[in-house]
Amino acid sequence: MANTIPSLTSRPAWKALEAHYQTLRDVHLRRLFADDPGRGESLTAEAVGVVLDYSKNRITGDTLDLLVRLAEDCGLRGRIDAMFRGERINETEGRAVLHVALRMPKGSSVELDGVNVVTQVHTVLDRMAEFCTKVRSGAWKGHTGKRIRAVVNVGIGGSDLGPVMAYEALRHYSDRNMIFRFVSNIDGTDFVEAVRDLNPAETLFIISSKTFTTLETMTNGHSAREWLLAGLGGDVKAVAKHCVAVSTNASEVAKFGIDPANMFEFWDWVGGRYSMDSAIGLSTMLAVGPEQFRSMLSGFHQMDEHFRTAPFRRNLPALMGLLAVWNGDFFGADTAAVLPYDQYLKRFPAYLQQLTMESNGKHVTLEGAKTTYQTGAVFWGEPGTNGQHSFYQLIHQGTKLIPCDFIACMKPLNPLGRHHDLLIANVFAQSEALAFGKTAEEVRGEGTAERLVPHRVFEGNRPSNTILLERLTPEALGKLVALYEHSVFTQGAVWGINCFDQWGVELGKALAQRIVPELERAEAPAPAHDSSTNHLIRRYRAAKTS
C-alpha cells in the first residue's frame, strides 16, 4: 500500500520537538525544580480519583505544548472518537476495537453492523452473574452433589494474565472459602501442580479459548477432562458439571462435553489483552462476586469517559502516553519499569507486559511502511519495596535511562502498625532520589573518603511518574487498567501503528505445529529445518528413547 500519510519524523510538530529536545537534554531536574517552585503542583493532574504526578519528567510547559501539538497533528482525537464509535480501526484484521463497550452501562449504545453491542455485553454479564451466584451460594452442585470449592481457570495470554492479575489484585475482596488456581503453560508441571491437592468432586474448570482450538489451552483442557473423569468414575456426564467455557465455538464446546448453555461468549472486537472485563473475567466474578465485578467495570468506564472527553493537557492516559513517546524517542529509553507499592498488585507488571508489548511491539506503520523511530518499550517491574533490594541499583546508578511508574494507594487495605507509612515513605523517597540524586559535593559533605566519592554519587535526572489511588478497590483497579490501556493507545496513535493486531506471535506457533509430529512419530524425520533446529530435534528424540 502506498504511504500517503506524512512520516512521523517529517511532521512539523516532531521537528519542533527535536529542536526543543536539544535545548533540554542537558538540563537537570534539580534546575527545573529550582526555577519553578510550584512545579510539583502544576505538573500534577487528577481525574476520577486517580492522581498523576508527572513533574519528575524532564519536561517544561513548552514540552507539553509541543507534545499536545504532536498528538493533534497525528489525529489522536479522531482515533479516539473512531474507537468509541465502533469503527474498524484494527485495519489489518478488519475489526472494530470495542473493549470500551464491555464496561458501558446498560442503556448505552454502540452499533456494529446494525447491532447494539452493549446489549450483547449485558446479556452475557447477566448470565455470568446468575452462574456465579449459584456457584458461590452452593446452589450449583458437582457431579456427586458436592458444592464447588475450587476454581481452575485454564487459558493463556490475555485469557490468563488478566484473570491472574485481577484475582491477586482483588484477593482482599475474594471469597476465602474458595480456592482459585490458574493454568496456562503447556508444560505439564503447571497443570499437575495446580490440581495436586484438589478434589475433583469439588473442582470447576473454566476453559477460556475463543476458538476452542488454542494449542496450550486445549491441551490443558483435555488434561483437565481426563483428570476429572479419572476422579469421578469415568462418567462423561460429569464433565458438564465441572467444566464451563468462555468461547464462541459452540460446536467444539459441546464436543468437549460442556453444555453450550454454560458457554459464556465474547467477540472478535475484544482483543485478548483487553478482555479481563469480558467473560474472560468469569473467574474474577466468581472470586469477588457480581457486585464487585460491576464496580470494577464502573472504574473502567469512568477512565474511558475521561480519556474520551478531557483535553489532552489534563488527560491522564494521553499525558502518560505522550511522556512515553518523549522518553523513548527523544531520550532513548528502551525500557520502562512499573513499580507498584502494593503487594496485591504483584502481578500487575506481568499483565502490563502483554498489554504494552503485544500492542506496540510493531515495526511498520498502518500504511505498511517501516518505522524510522522507536516504538514500544520493554516493560518490566516488581512490587516495592522488594525491588529496592534487587534491580533499583541499576535504575539509580546504571548506564541505562529507565523511566519509572510508581503506583501506590494512600489508604491500606490491611492496616498494620507503621507498615503503610514506611511503604509510602519509600515510594516518595525513591522518586525523589531518582530525580535529584546526590552530588559529589554532598557526598564529601558527609565525610566520605575521597576514594569512595565516585561510588556514592547519584547522578539523578531519572524520569518517573507517581500514580496515587485512594485505596485498591475493584473500581480503582478498573481505573488503573484503563489508564494504561489508553496510554498504550495514545502511543500507537502517535507512532501510526496498529495497537490491536499481534501477527508477531504467529510464526513461532506455526513452526511448532510443524515440529510436533517430527518429535512424536516413530520414524526419524527427514531434515526439514536449519542445521541447529535439525540437530536439536535429533537430540530430543534420542533422549526420549534412552
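Everything quoted here is computed from the prediction, not taken from an experiment.

What counts as what
- Residues numbered from 1 in each chain as written.
- Predicted model: local features only at pLDDT ≥ 70, side-chain atom pairs only at ≥ 80, totals over all residues.
- Heavy atoms only, no water.
- Helix = DSSP H or I, 4+ residues; strand = E, 2+ residues; numbered from the N terminus.
- Buried < 20%, exposed > 50% of the residue type's maximum accessible area, 1.4 Å probe, protein only.
- Contact = heavy atoms within 4.5 Å.
- Pairing = 2+ DSSP bridges.
- Axes fitted to C-alpha atoms, helices over the stretch in contact; angles between N-to-C directions.
- Parallel < 35°, antiparallel > 145°, perpendicular 65-115°, else oblique.
- Left-handed = near helix turned anticlockwise from the far one by under 90°.
- Expected span 1.5 Å × (residues − 1).
- Polar contact = N/O pair within 3.5 Å; in protein donor to acceptor, adjacent residues only side chain to side chain.
- Nonpolar A, V, L, I, M, F, W, Y, C, P; charged D, E, K, R; others polar.
- Phe/Tyr/Trp six-rings, centres within 6.5 Å; stacked < 30°, edge-to-face > 60°.
- UniProt positions renumbered as here; feature names shortened; annotations may be inferred.
- Lys, Arg positive; Asp, Glu negative; His and termini not counted.
- Salt bridge = Lys/Arg side-chain N within 4 Å of Asp/Glu carboxyl O.
- Core = buried A, V, L, I, M, F, W, Y, C linked by side-chain atoms within 4.5 Å.

**Quick notes on the overall build of the chain**
Secondary structure assignment for the chain yields 22 helices and 13 strands. Principal-axis analysis of the C-alpha atoms places the extent of the chain at approximately 75 × 60 × 60 Å. The buried share of the chain, reckoned over its 546 residues, is 53%. Looking at the chain alone, contacts between residues at least 24 apart form 73% of all its contacts between residues at least 6 apart.

**Side note on the sheet that holds strand E5 (residues 150-154)**
If you walk across this open sheet you meet the five strands as E6-E5-E7-E8-E9, and the pairing is parallel. Edge strands, defined here as strands with exactly one partner in the open sheet, are strand E6 (179-183) and strand E9 (263-264). Against the sheet, helix H9 (residues 215-231) touches E5, E6, strand E7 (203-208) and strand E8 (243-246), its axis set at about 160 degrees to E7.

**Looking at the sheet that holds strand E10 (residues 335-341)**
Read across the open sheet, the six strands follow the order E1-E2-E13-E12-E10-E11; overall the sheet is mixed. The strands lining the two open edges of the sheet, one partner per strand, are strand E1 (44-47) and strand E11 (378-380). Neighbour-to-neighbour, the strand axes of the sheet open up by a mean angle of 15 degrees, direction not taken into account. By the bridge criterion, five bridges tie E10 to strand E12 (residues 404-409) in an arrangement that is parallel. Counted as the bridge partner of Ala 337 is Cys 404 from E12. Against the sheet, helix H20 (residues 474-495) engages strand E2 (50-53), E10, E12 and strand E13 (464-469), with an angle of about 155 degrees to E13.

**A closer look at the packing of helix H15 (residues 348-360) against H20**
One can describe the packing of H15 onto H20 by two numbers: an axis separation of 10 Å at closest approach and a directional angle of 25 degrees. Between H15 and H20, the angle falls in the class roughly parallel. Crossing angle aside, the handedness with which H15 passes H20 is right-handed. Taken together, the residues of H20 that come into contact with H15 (itself represented by Phe 348, Tyr 351, Leu 352, Leu 355, Thr 356, Ser 359 and Asn 360) are Leu 480, Val 481, Tyr 484, Glu 485, Val 488, Gln 491, Gly 492 and Trp 495.

**A short note on H20**
An ideal rise of 1.5 Å per residue puts 32 Å on 22 residues; H20 measures up with 32 Å between its terminal C-alpha atoms. Of all 22 residues that make up H20, 21 are buried, and the element is covered over most of its length.

**A closer look at the side chain of Asn 534**
Within the fold, Asn 534 resides in helix H22 (residues 531-545). Among the polar contacts listed, one links the side chain of Asn 534 to the backbone nitrogen of Ala 528, at a separation of 3.3 Å. In contact with Asn 534, not counting residues within four places along its chain, are Pro 527, Ala 528 and His 529.

**Thoughts on the packing of helix H6 (residues 117-137) against helix H13 (residues 290-309)**
Between two packed helices, both the angle of their axes relative to each other and the distance between the axes serve to describe the pair. Two numbers describe how H6 lies on H13: the axes approach to 10 Å, and their chain directions differ by 150 degrees. As far as their axial angle goes, H13 and H6 are roughly antiparallel. Residues His 122, Leu 125, Asp 126, Met 128, Ala 129, Cys 132 and Thr 133 of H6 form the contact with H13, whose participating residues are Pro 290, Phe 293, Arg 294 and Leu 297. Grouping the constituent residues of the contact of H6 with H13 by class yields seven nonpolar, two polar and two charged.

**A word on the packing of aromatic side chains**
The final tally for this structure, using the stated rule, is 24 aromatic pairs. Ring centres of Tyr 167 and Phe 180 lie 5.2 Å apart, and the angle between their planes is 40 degrees; this geometry places the pair in the tilted category. Here Phe 180 lies in strand E6 and Tyr 167 lies in helix H7 (residues 158-169), a separation of 13 residues in the sequence. Of the two residues examined, Tyr 167 and Phe 180, each falls in the buried class.

**Topic: the pairing of E5**
In terms of residue burial, E5 counts as a mostly covered element, since five of its five residues are buried. Neither face of E5 is open: one carries Ala 150, Val 152 and Val 154, the other Val 151 and Asn 153, and all of them are buried. Pairing of E5 with E6, which is carried by five bridges, proceeds in the parallel orientation. Each residue of the ladder has a partner; that of Asn 153, found in E6, is Phe 182.

**Some thoughts on the UniProt feature "active site" (unreviewed entry) in the chain**
UniProt's feature table lists "active site" (unreviewed entry) at Glu 358, His 389 and Lys 509, given in the numbering used throughout. Of the residues just listed, which span 152 residues, the most distant C-alpha pair is 37.1 Å apart, and they do not cluster in one region. Looking at the element boundaries, His 389 is found in the loop between E11 and helix H16 (392-397). Mapped onto the elements of the fold, Lys 509 is located in helix H21 (residues 506-520). The class of Lys 509 is partly exposed, set by a relative accessible area of 42%.

**Remarks on the pairing of E8**
What you see with E8 is no split at all: Cys 243 and Ala 245 on one side and Val 244 and Val 246 on the other are buried throughout. Two elements, E7 and E8, share four bridges in a ladder whose sense is parallel. Along E8, the bridge assignment pairs Ser 208 with Val 246. Across two bridges, E8 lies against E9 in parallel orientation. Of the residues in E9, the one forming a bridge with Ala 245 is Met 263.

**Some thoughts on the side chain of Glu 216**
Along the chain, Glu 216 turns up in helix H9. At 6.2 Å, Lys 509 is the nearest oppositely charged side chain to Glu 216, a buried residue that forms no salt bridge. With sequence-adjacent residues up to four places away left out, Glu 216 is seen in contact with Ile 156, Ser 184 and Ile 186.

**Describing the nonpolar core**
Of all hydrophobic cores here, the largest spans 131 residues; its most connected members are Phe 131, Trp 269, Leu 282, Leu 286, Phe 348, Leu 477 and Tyr 484. If you tally residues by element for this core, the top one is H20, at twelve residues. Those residues in contact with Phe 131 that sit more than four places away from it in its chain are Trp 140, Leu 204, Val 244, Phe 264, Leu 282 and Leu 286. Within the second largest apolar cluster, 26 residues are counted, among which are Leu 198, Ala 224, Ala 238 and Val 253.

**Examining unusual backbone geometry**
The linkage connecting Gly 384 with the following residue, Thr 385, adopts the cis geometry, with an omega of 10 degrees. Tracing the sequence through the fold places Thr 385 in the loop between E11 and H16. At Asp 113, a residue that is not glycine, the phi angle is positive and equals roughly 55 degrees. Structurally, Asp 113 is set in the loop between strand E3 (111-112) and strand E4 (115-116). Its relative accessible area of 61% is what places Asp 113 among the exposed residues. Notably, Phe 212 is not glycine yet its phi reads approximately 60 degrees, a positive angle. Take Phe 212: it is sitting in the loop between E7 and H9.

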